[in-house]
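Residue-level structural notes
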Amino acid sequence: MGKEGKDKKYKKSKKGFHTVLRILQHASLAVMVLSVFVVVIGSTVRIQSFRNHGSYMLDSSEQNKEYEESDLFGTIFGYAVADIIRYGVVSSQLETNGAFDGSKIVDVTAYNYRDIGLPEQYVTAEYHLEDLLKWANYGFEYTTMEMTDQQVSQFLSDRTRVTVIDPQSKYYNTSDANYLKSDIGSYTFVNDVSANQLWVENYDDPEGLGEYDGFVEDDQIDSSDVYDVLVNRYKTVEGKNLEEYVSDWDLYYNLCENVQNAAHSLSYNYNEYLEYEDYYSEDNSNVRFLIAKTVGDNTQFYTNMDEKEKENILDAMQTKEGITDTAYASDKYIYYSPSEMVYRTNTSIEEETIRKILQEYDYAYPETVKVWIGVDTTYPVSDAFTQGAAGFRNYLPYFWQWVIVAIVTGVLYLGLFLYQTIQTGRDVDDEGKEYIRLNSFDRIPTEAAVAIAFGVAVLAVWILIVVLELADIHLTTMSYGEVVYEKWFKMLLVAGVFAADTAAMFFFYSLVRRIKARTLWNNSYLGRLCRKMKKFAWKVYDNGTIVIRTWIPYGIFLLFNILMIIWAMDAEHVSWLPVIIMLLTDVTIGILIYRDAKERQGIVEGIETIAAGELEHQVETTELHGDNLALANSVNSIGKGIKDAVEISMKDERMKADLITNVSHDIKTPLTSIINYVDLIKRERVENEKVQNYIKVLDEKSQRLKQLTDDLVEASKISSGNISLNFERINLTELMNQTIGEFSEKFEEKNLTTVMNVNVQNAVIEADSRRIWRVMENLFNNIYKYAMTGTRVYVTIDSPEENERYVEISVKNISASALNCNPDELTERFIRGDVSRTTEGSGLGLSIAKNLTQAQKGTFEIRLDGDLFKVYLTFPLAAE
């Protein structure tokens, strides 16, 4: 098998391996969800009682108990007890003799004060219960009326009827089912405007309480001409409107508020009453209850049992054995009679719990109340008790084993998920280079992929809804709480999770590959549109004038901010949406301005780089536009031009150096022969004086030509960099003493006196001994040639003021001729201070000295002060 076949086989096996890992990933998630589901439904019970919906965590210690003896049963029973007691409260407000009574009379003020107690005197009105319920359903309406004082006096009554509580009893007997209907005295008051008080008149005293000579203060009477008046949709029991009971606006509005509050409260209780009646009916609940409430000689019963069962329970209440003599002896029950101080139960519910619940409704339950609540443990109907029984029977015995399975599969899924996320799309081409491989779905535009994913999600939700609806139609014999324990439901759950994760990971891994390949934005319709708009905008910007590139964008930006401010201030309240949009836009503009400044800074840095000598540097122009692009192109052109010019100059310099080297080499060979033959002639004893002079001139000129040739060759080597240096430690003080000694005879010929000053202790540098000697030799030769006869030459070794890590040598002398040139020109090749060239010299000495100094990490500087010639050489001190 060839290499190509092996590669195909390897790729095929790798693809199969990743497929197996993905199947394992989906399966591990399905098993994890199943484990969590089993743990949850096996250790918790979902209870849906009338008021309380929630989950109950089962205790493993109750595994060996009967369901009816468990805390779960006690909790559900406790919820039912609270519901039944509340049911008795609302039933007492709405029923007469065990049936709803719409004609029941309600005293609205007394009803509103039922739980906090009535004042000794109050203003009220009485309505039929049915009228208040319908009024709350239709809603209360007020109309605005403009009335004169005369019209006000005609609208309101000239008297206010006040109900007074029996002073002997000190309280209104709200335990009565009719709350607010009592045979107590009433008073009639007349309004005395001048005294701003309400005085008693026509006292009616059926109970013989005595004359009431007090008064009730009234608030300040509203003198406004405009009033809000309640529309009397229904009349009181006496067939009157509310305004006929009061003579004061404050009392009128208080009475209206009492009517509204009572109507809304009764309406809420009526809806609750209907729900209780349905939920705890004998056909829908396993709970049986009987509440007997005695007020005086009248006893009201509230129950969901038939007459026979009710009589059976009532008879059992009178016996010492209690409920054990009834047909419900095997059921769970509670019996509580506060007046008899009797509490019997075969459940875990304590007497204190029942007492606290009844105390919350002490206005409705007198001490003579008797409460019996039981549960039919044969469970003939499905309710919260059957839900609890199903959950209790299905308690998971291997709780921790399933928890471990859930953790292991969860960790496995997470590991496979991370591995697949990292590996998805990674592939290697034939050259061994890694790249991101995209499939056909990954290549469709991003928006289309998102639409497909959204469509799949909607389809999945629709399928789930259809399945639930079909289940709701066919599951007529069991509740959802029972369905979750079926095997087929668990299999359906595993299959659903596996399919959902397969679809979700398909789209997720496609997203990951798009991000890795950087096609998420690039391969989107929005990305393409933005690139076209960006290209168009830059095209306009690049080809536009300065006005188009500056003032038009600024005008658009300013107009946009103004429109956003107008939008934000136009609403009733300040809208944050335009403010946020404006801030985001301003930030974007700021980023663009920063980017433009950064591009310009890059151009400046490019100019500085080129100025520093990197002539090959080019400013990147890929992301530049407008003026920055033009400027960058110009800088690149300038840099390229300078680079070309330097290359040409270097080429010419090299050609010149090569020419000098070659010519010097060609001259050197015959010149050596001339010098040798001149030397031979000198050894001959020529007696002719004239010929001796010829030989002397010939010898001097040939030696000078040899020196010139050597200088040319060395200058050429230095300029081309073709010179090798052997650095060693050199003591400049010793070197200068040696140099002065070498040139002492020459200096005596011109009567030159050397004065040397050494101001440093350490003058050791690292330099090439031969090259540094050549520097000093050229420098002193220059002094010998051009110094004025009979003058002094000053040599000083010192440290520069600005840096003590360097040593400086200064040599000063007075020139014999005027120095009418630039100091830098004297270090150029073939430049001589003696313009007339009457002295011997090649014009290369100082140039060679400078180049050799710089090659040895030093500096060479010439300063001219009139005819005073000064040379400064600076070298770094050698490390100790």
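To keep things clear, this report deals only with the structure shown in the data block. (Residues numbered from 1 in each chain as written. Predicted model: local features only at pLDDT ≥ 70, side-chain atom pairs only at ≥ 80, totals over all residues. Heavy atoms only, no water.)

**Looking at the sheet that holds strand S16 (residues 332-337)**
What links the strands of a sheet is backbone hydrogen bonding, and the strands pair in either a parallel or an antiparallel sense. Formally: Any two strands with at least two DSSP bridges between them are considered paired. Strands are runs of DSSP state E lasting at least 2 residues, helices are runs of H or I lasting at least 4, and numbering of each runs from the N terminus. To get an axis, fit a line to the C-alpha atoms, keeping to the stretch in contact for a helix; angles then go from 0 to 180 degrees between the N-to-C directions. By the convention used here, residues are in contact when the closest approach between their heavy atoms is within 4.5 Å.
Spatial ordering of the open sheet is given by S15-S14-S18-S16-S17, a layout of five strands whose pairing is antiparallel. In this open sheet, the two strands that pair with only one neighbour each are strand S15 (298-303) and strand S17 (342-345). Averaged over all neighbouring strand pairs, the angle between strand axes comes to 5 degrees, with direction disregarded. Of the strand pairs in this sheet, S16 and S17 are connected by four bridges, and their pairing is antiparallel. Bridge pairing in S17 links Ser 337 to Val 342. Running at roughly 65 degrees to strand S14 (residues 287-295), helix H7 (residues 307-317) makes contact with S14, S15, S16, S17 and strand S18 (370-375) of the sheet.

**Regarding empty space enclosed by the protein**
Condition: Residues are called lining when one of their atoms sits within 4 Å of a cavity or pocket point, these points coming from a 1 Å grid over the protein atoms alone, where a cavity is a set in which a 1.4 Å probe fits but cannot get out and a pocket is an open set with protein on both sides within 12 Å along at least five of seven lines. Grid points are joined across faces, edges and corners, and a volume is the space filled by probe spheres set on the points. Residue polarity follows a fixed list, in which Ala, Val, Leu, Ile, Met, Phe, Trp, Tyr, Cys and Pro are nonpolar, Asp, Glu, Lys and Arg are charged, and the others, Gly among them, are polar.
Applying the stated criterion across every chain yields a total of three cavities of 30 Å³ or more. Estimates place the volume of the largest cavity at around 60 Å³. Taken together, Ser 49, Ile 76, Tyr 79, Ala 80, Tyr 279, Tyr 280, Ser 285, Val 287, Asp 383, Ala 384 and Phe 385 form the lining of the largest cavity. Residue assignment for the lining of the largest cavity shows that the elements contributing at least two residues are helix H2 (71-94) and helix H9 (384-393). Top contributing element to the lining of the largest cavity by residue count: H2, with three residues. For the lining of the largest cavity, the per-class residue count stands at eight nonpolar, two polar and one charged.

**Brief notes about a nonpolar patch on the surface**
Put simply, the rule reads: Each patch is built from salt-bridge-free residues with over 30% relative accessible area, joining like charges within 9 Å and nonpolar side chains (Val, Leu, Ile, Met, Phe, Trp, Tyr) within 5 Å. Each accessible area value is a Shrake-Rupley result obtained with a 1.4 Å probe; residue values ignore everything except the protein chains displayed when judging cover. We count a salt bridge whenever a side-chain nitrogen from Lys or Arg sits within 4 Å of a carboxyl oxygen from Asp or Glu. Each residue is assigned to one of three classes by its accessible area relative to the maximum for its type, calculated with a 1.4 Å probe on protein chains only: buried under 20%, partly exposed between the two thresholds, exposed over 50%.
Side chains of Leu 459, Trp 462, Ile 463, Val 467, Trp 488 and Leu 492 sit close together on the surface and give an oily, nonpolar patch of about 610 Å² of accessible area. Elements that contribute at least two residues to the nonpolar patch include exactly helix H11 (446-474) and helix H13 (487-517). It is H11 that provides the largest number of residues to the nonpolar patch, a total of four residues. Trp 462 sits in the exposed class, given a relative accessible area of 53%.

**What about a positive patch on the surface?**
This is how it is decided: When charges are counted, Lys and Arg are positive and Asp and Glu negative, with His and the chain ends excluded. To locate a charge, take NZ of a lysine, CZ of an arginine, CG of an aspartate or CD of a glutamate.
Positive charge collects at one region of the surface, where Lys 701, Arg 704, Lys 746 and Lys 785 lie side by side. Structurally, Lys 746 can be placed in helix H20 (residues 744-749).

**Concerning the side chain of Thr 424**
Here Thr 424 shows up in the loop between helix H10 (399-423) and strand S19 (426-428). Classification of Thr 424 by relative accessible area gives buried; the value is 3%. Setting aside chain neighbours within four positions, we find Thr 424 in contact with Arg 22, Tyr 509, Val 512, Arg 513 and Lys 516.

**Details of the pairing of strand S24 (residues 792-798)**
Two elements, strand S22 (residues 753-758) and S24, share six bridges in a ladder whose sense is parallel. Following the sheet pairing, Thr 753 is matched in S24 by Arg 792. Both S24 and strand S25 (residues 806-814) contribute to a ladder of five bridges, which runs antiparallel. Of the residues in S25, the one forming a bridge with Thr 796 is Ser 810.

**Things to note about the packing of aromatic side chains**
Within a pair of aromatic rings, the relevant descriptors are the distance that separates the centres and the angle that separates the planes. Rule in force here: Any two rings among Phe, Tyr and Trp, with Trp reduced to its six-membered ring, count as a pair given centres within 6.5 Å; such a pair is stacked if its planes are under 30 degrees apart, edge-to-face if over 60, and tilted if neither. Placement of a positive charge over a ring is assigned whenever Lys NZ or Arg CZ falls within 6 Å of the ring centre and within 35 degrees of the normal to the ring plane.
On inspection of all chains with the given rule, the structure shows 30 aromatic pairs. Pairing Tyr 67 with Phe 73 gives two aromatic rings, centres 5.5 Å apart and planes at 85 degrees, and the pair type is edge-to-face. When sorted by exposure, Tyr 67 lands in the same class as Phe 73, which is buried. Three or more aromatic residues joined by ring pairs form one cluster here, namely Tyr 87, Tyr 273, Tyr 276, Tyr 279, Tyr 280 and Phe 289. Stacked on the ring of Tyr 245, the Lys or Arg Lys 240 has its end atom at 5.7 Å from the ring centre.

**Topic: the sheet that holds strand S27 (residues 868-876)**
The strand order across the open sheet built from five strands is S22-S24-S25-S27-S26, with neighbouring strands paired in mixed fashion. Each having just a single partner strand, S22 and strand S26 (859-865) make up the two edges of the open sheet. Averaged over all pairs of adjacent strands, the angle between strand axes in this sheet comes to 15 degrees, irrespective of strand direction. Pairing analysis gives nine bridges linking S25 to S27, with the strands arranged antiparallel. Residue pairing across strands places Ser 810 opposite Tyr 872, the latter belonging to S27. Docked against the sheet, helix H21 (residues 769-786) engages S24, S25 and S27, running at close to 175 degrees with respect to S27. Each of S26 and S27 is contacted by helix H22 (residues 845-855), which is oriented at about 135 degrees to S26, the strand it contacts most.

**With respect to the nonpolar core**
To be explicit about the condition: Think of a nonpolar core as a cluster: buried Ala, Val, Leu, Ile, Met, Phe, Trp, Tyr and Cys residues, connected wherever their side-chain atoms sit within 4.5 Å.
In terms of nonpolar packing, the biggest core is built from 76 residues, with Phe 77, Tyr 252 and Phe 385 touching the most fellow members. Examining the composition of this core, we find that 12 residues originate from one element, H2, more than from any other. Aside from chain neighbours lying at most four places away, what touches Phe 77 is Lys 332, Tyr 333, Ile 334, Thr 347, Ile 349, Ile 373, Gly 374, Val 375 and Phe 385. Formed by 38 residues, the second largest nonpolar core is a distinct cluster that contains Ala 763, Val 775, Ala 787 and Ile 797.

Read these as layout, nothing more, since geometry by itself doesn't imply function.
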